[in-house]
Amino acid sequence: MSPVPPGSGWPDDPSSPDTPVAHDAAEVVELARASRTLAELTACEAVCRACPRLVEWRERVAVERRRSFAGETYWGRPIAGWGAEHPRLLIVGLAPAAHGGNRTGRIFTGDRSGDWLFASLHRVGLAAIPTSTRAGDGQRLIDARMVAAVRCAPPANKPEPAERAACSPWLSREIALVAGSLRSIVALGGFAWQALWPALAVAGLETPRRRPPFGHGVEVPLRYGDAVVTLIGCYHPSPQNTFTGVLTEEMTDEVFRRAMGEKP
Ligand code: SF4
């Protein structure tokens, strides 16, 4: 059944029928703050209904489906953070794709951007296999975690500022829960870079007064207690960038190698 009911057997579904549901931005703040573990947090993220426009869109896409996926069940719910519990690297995208993550229930899974991204992560030792096609396919992130700044697929891939703000407490709480083990954060694209700043500050990382503009390979050290977490920009692995050579395999691999502390 599309969208997939919580706790109905979808691989890696973090939620159950009893998971509390946020119905507006204030309830997102409340439930994110109350989540003491990643398991609690991701369960709440994956049933959130705080943004009416996005709930309507993600569920409509899940029912109407693209012709090439007409025989599939679509997830049709928010895409929770996924990966290692104590990651050294956090990878942040903007939002799931309507027929990618919104279909498969896992971030960067089932679309061309994800094909590019996971191939690179596998080459540098951060993903168990080179492909990411569906939940339960055997893929596993190694020392890494992935999140979307906005957890529901938006129309035309463009969330509104209010939707970005509503979703930010999920992001900041997830960053706070993993910050102790982090070495680096890679922002995929300028929109993710922009969406990250407020969440980083709320999560307790010291951010510069003047936020550096996004660029591929730009690095910003962020103090977290006695540690330093490095924010790194990477062009988004969208077909527009990869088909045109704006982002090459070498450029992608190099960002992840640097993020894990390897010398160029
Ligand atoms: S975008 Fe975020 S805040 Fe809005 S409904 Fe989806 S999960 Fe909830």
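Right above here is the structure, for reference.
What counts and how
Residues numbered from 1 in each chain as written. Predicted model: local features only at pLDDT ≥ 70, side-chain atom pairs only at ≥ 80, totals over all residues. Heavy atoms only, no water. Buried < 20%, exposed > 50% of the residue type's maximum accessible area, 1.4 Å probe, protein only. Helix = DSSP H or I, 4+ residues; strand = E, 2+ residues; numbered from the N terminus. Arc of directions from axis to C-beta. Contact = heavy atoms within 4.5 Å. Core = buried A, V, L, I, M, F, W, Y, C linked by side-chain atoms within 4.5 Å. Salt bridge = Lys/Arg side-chain N within 4 Å of Asp/Glu carboxyl O. Bend = angle between axes of the 7 residues up to and from the residue. Pairing = 2+ DSSP bridges. Axes fitted to C-alpha atoms, helices over the stretch in contact; angles between N-to-C directions. Phe/Tyr/Trp six-rings, centres within 6.5 Å; stacked < 30°, edge-to-face > 60°. Lys NZ or Arg CZ within 6 Å of the ring centre and 35° of its normal.

A. Spatial organisation of helix α9 (residues 249-259). Within α9, burial applies to T252, D253, V255, F256 and A259. Here the buried residues of α9 occupy an arc of 155° about the axis, which is enough to place them on one side. The secondary structure elements touched by the buried residues of α9 are β2 (89-93), α5 (112-123), β4 (184-188) and β6 (227-234).

B. View of the nonpolar core. In terms of nonpolar packing, the biggest core is built from 30 residues, with L89, L121, M146, V186 and F256 touching the most fellow members. Breaking this core down by element, the ones donating at least two residues are β2, α5, β3 (144-148), β4, β6 and α9. Counting residues per element, this core draws most heavily on α5, which supplies 4 residues. Ranked by size, the runner-up nonpolar core spans 24 residues in total, among them L171, I175, A187 and A192.

C. Up close: the pattern of salt bridges. All told, the structure shown has 16 salt bridges when counted by the stated rule. With its nearest N and O atoms 3.0 Å apart, the salt bridge here joins E174 to R151. Of this pair, E174 sits in helix α6 (residues 161-178) while R151 is found in the loop between β3 and α6, placing the two residues 23 residues apart along the sequence. We note that E174, like R151, is buried. The closest approach of N and O atoms between R258 and E254, which form a salt bridge, is 3.6 Å. Note that R258 and E254 are positioned in helix α9 at a spacing of 4 residues, about one turn of the helix. Beyond isolated ion pairs, a larger network of salt bridges with shared partners links E45, R145, R151 and E174.

D. Looking closely at helix α7 (residues 190-202). The largest bend in α7 amounts to roughly 35° and is located at L196, with the proline P198 lying one to four residues further along. Contact partners of the buried residues in α7: β2, α6, β4, β5 (219-224) and β6. G204 sits one or two residues past α7 and shows a positive phi near 105°.

E. Examining the environment of P5 more closely. When you line up the elements, P5 lands in the segment before α1 (25-34). Taking the C-alpha atoms as reference points, P5 and V47, separated by 42 residues in sequence, lie 9.0 Å from one another. What P5 contacts, discounting residues up to four positions off in sequence, is D13 and R77.

F. Region of the structure containing the pairing of β2. Counting buried positions over the 5 residues of β2 gives 5, a clear majority of the element. Every second residue of β2 is oriented toward a common face, with L89, I91 and G93 on one face and L90 and V92 on the other, all of them buried. As paired strands, β2 and β3 are joined by 5 bridges and run parallel to one another. The residue of β3 that forms the bridge with G93 is A148. Where β2 meets β4, 4 bridges bridge the pair, whose relative direction is parallel. If you follow L89 over to β4, its bridge partner there is S184.

G. Broad picture of the sheet that holds strand β1 (residues 82-83). In space, the 6 strands of this open sheet follow the order β1-β3-β2-β4-β6-β5, with mixed pairing throughout. Taken across any chain shown, the strands that pair with only one partner, and hence form the sheet edges, are β1 and β5. Direction of pairing for β1 relative to β3: antiparallel, over a ladder of 2 bridges. Looking across to β3, one finds that W82 is bridged to M146. Strands in contact with α5 are β1, β2, β3 and β4; relative to β3, the strand with the most contacts, it is inclined by about 165°. Where α6 meets the sheet, its contacts fall on β1, β2, β3 and β5, and the angle it forms with β3 comes to roughly 170°.

H. Focus on the packing of aromatic side chains. What the rule picks out here adds up to 5 aromatic pairs. Taken together, a centroid distance of 5.7 Å and an interplanar angle of 90° make the contact between W193 and W197 edge-to-face. Here the residue W193 and the residue W197 both occupy positions in helix α7, the gap between them amounting to 4 residues, near one helical turn. Of the two residues examined, W193 and W197, each falls in the buried class. Through pairs of rings, three or more aromatic residues link up here, namely W193, W197, F214 and Y235. Just above the ring of F69 sits the side chain of R103; from NZ or CZ to the centre is 3.6 Å.

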